[in-house]
Amino acid sequence: MNRKAAGPTVFVVDDDASVRDALKSLLRSVDLEVETFGSAAEFLRVRLPDAPSCLVLDVRLPGVSGLDFQGELAKSGIHIPIIFVTGHGDIPMTVKAMKAGAIEFLTKPFRDQDMLDAIQVALERDRAKREQDGKLTQLKELFGSLTSREQEVIGFVTSGLMNKQIAAEMGVSVITVKVHRGNVMRKMGAKSLTDLVRMADALGIRRKT
């Protein structure tokens, strides 16, 4: 589910055409891209943009319910922030949606500003996640550029071992460890040991001492 888009996009899934039209008008008034659908099945046919996005989802839909659809998206690896809307909200339903990661649960008729505020929170969360995912992908590529020995060294170095200890663990000379260590710092773009430790933690490769 990938396509390129110029800016943030809000997807609306609601079987009530008047709600879809009202939300489309509201979102376009604040210069947001918006696409509307009458069912979950229709939404699944769209290709999600390679840009921040969120989903405004009605709880009661024809076929699969909004709450069940939330679970299906998560199982499929589609982690788009969701704002639920309903005309029949109750506390257990709200709790279930929020526990599953929903941004907000708004009861119809909702205030326009409440919807816009929730959408801004959702888009910012998706933007931050995309940025984090992008950094992790780059880190994985950098780690993949290391030799097997250098990958081994980064695990020892970030666990706090001294060069002499690492040399003993690996069965090589201290000078060899220093060379590998220098290569690791350069290839990973680490400015300090602390920087390298953060990278190792993000990659899940730091040895526990």
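Values in this document were obtained by computation on a predicted structure and should not be read as measured data.

Analysis parameters
- Residues numbered from 1 in each chain as written.
- Predicted model: local features only at pLDDT ≥ 70, side-chain atom pairs only at ≥ 80, totals over all residues.
- Heavy atoms only, no water.
- Pairing = 2+ DSSP bridges.
- Helix = DSSP H or I, 4+ residues; strand = E, 2+ residues; numbered from the N terminus.
- Axes fitted to C-alpha atoms, helices over the stretch in contact; angles between N-to-C directions.
- Contact = heavy atoms within 4.5 Å.
- Parallel < 35°, antiparallel > 145°, perpendicular 65-115°, else oblique.
- Left-handed = near helix turned anticlockwise from the far one by under 90°.
- 1 Å grid on protein atoms, 1.4 Å probe; cavity = no way out; pocket = protein on both sides within 12 Å on 5 of 7 lines; lining within 4 Å.
- Points joined across faces, edges and corners; volume = space filled by probe spheres on them.
- pLDDT = per-residue confidence, 0-100.
- Expected span 1.5 Å × (residues − 1).
- Buried < 20%, exposed > 50% of the residue type's maximum accessible area, 1.4 Å probe, protein only.
- Arc of directions from axis to C-beta.
- Nonpolar A, V, L, I, M, F, W, Y, C, P; charged D, E, K, R; others polar.
- Core = buried A, V, L, I, M, F, W, Y, C linked by side-chain atoms within 4.5 Å.

Asks: If you had to explain the sheet that holds strand β1 (residues 9-13) to someone new, which residues and values would you point to?
Replies: Read across the sheet, five strands follow the order β2-β1-β3-β4-β5 without closing on themselves; strand pairing throughout is parallel. Each having just a single partner strand, β2 (33-37) and β5 (104-107) make up the two edges of the open sheet. Averaged over all adjacent pairs, the angle separating strand axes in this sheet is 20 degrees, with direction ignored. Relative to β2, β1 is paired through five bridges, and the arrangement is parallel. Directly across from T9, in β2, lies its bridge partner E33. Against the sheet, helix α1 (residues 17-29) engages β1, β2 and β3 (53-58), with an angle of about 175 degrees to β2. Of the strands in this sheet, β1, β3, β4 (82-86) and β5 are in contact with helix α5 (residues 112-144), which crosses β3 at around 135 degrees.

Asks: Kindly report on the packing of α1 against α5, identifying the contributing residues and their values.
Replies: α5 packs onto α1 with a crossing angle of 65 degrees between their chain directions and a minimal axis gap of 11 Å. Viewed along their axes, α1 and α5 adopt a mutual orientation that is roughly perpendicular. Crossing geometry of α1 relative to α5 is assigned as right-handed. Contact residues: α1 offers L23, L26 and L27, while α5 offers D112, M115, L116 and I119.

Asks: Give me the lowdown on the layout of surface pockets, citing residues and values where you can.
Replies: Volume-wise, the second largest pocket comes out at about 250 Å³. For the second largest pocket, the lining is made up of 16 residues, of which H79, I80, P81, A100 and G101 are closest to its centre. Those elements that place two or more of their residues in the lining of the second largest pocket are α3 (66-75) and α5. When residues in the lining of the second largest pocket are grouped by element, the largest group, four residues, is from α3.

Asks: Mind laying out the confidence of the model for the protein, listing which residues take part and the relevant values?
Replies: Confidence in the prediction of the protein, expressed as mean pLDDT, is 90, and 95% of residues score 70 or more. The secondary-structure element of the protein with the lowest mean pLDDT is helix α4 (residues 91-99), recorded at 75, while β1 shows the highest, at 96. In this model, residues 1-5 is a region of pLDDT below 50 whose contacts with residues beyond four sequence positions or in other chains number 19 contacts.

Asks: Can you lay out helix α8 (residues 174-188) for me, pointing to particular residues and giving the numbers?
Replies: Between the first and last C-alpha of α8 there are 21 Å, a value that for 15 residues agrees with the 21 Å anticipated at 1.5 Å per step. Taken together, the buried positions of α8 are occupied by V177, H180, V184 and M188. Within α8, the buried residues cover an arc of 65 degrees as seen down the axis, which keeps them to one side. Projecting away from the buried face of α8 at angles above 90 degrees are the exposed residues I175, K178 and R186. One or two residues past the end of α8 sits G189, with phi positive at roughly 70 degrees.

Asks: Tell me about the environment of I80, and please be specific about residues and values.
Replies: Here I80 is to be found in the loop between α3 and β4. If near-sequence neighbours (up to four positions away) are discounted, I80 is found in contact with F11, S53, C54, L55 and L73.

Asks: Tell me about the side chain of T9, and please be specific about residues and values.
Replies: For T9, the position within the fold is in strand β1. Apart from the residues within four sequence positions on either side, T9 is in contact with E33, E35, P49, P52, S53, C54 and L123.

Asks: Can you tell me about the packing of α8 against helix α9 (residues 193-203), naming the residues and giving the values?
Replies: In contact at an axis separation of 11 Å, α8 and α9 are set at 75 degrees when each is read in the N-to-C sense. Accordingly, the angle class assigned to the pair α8 and α9 is roughly perpendicular. When α8 is examined against α9, the residues R181, V184, M185 and M188 are found in contact with a partner set consisting of L193, L196, M199 and L203. Residue classes in the contact of α8 with α9 are distributed as seven nonpolar, no polar and one charged.

Asks: Please provide a residue-by-residue account of the nonpolar core, values included.
Replies: F11, F43, L55, L57, L73 and F84 are the most contacted members of the largest nonpolar core, which has 22 residues in total. Mapped by element, the contributors of at least two residues to this core are β1, α2 (40-44), β3, α3, β4 and α4. Looking at this core element by element, the count peaks at three residues for α3. V12, C54, A118 and L123 belong to the second largest nonpolar core, which has 20 residues in total.

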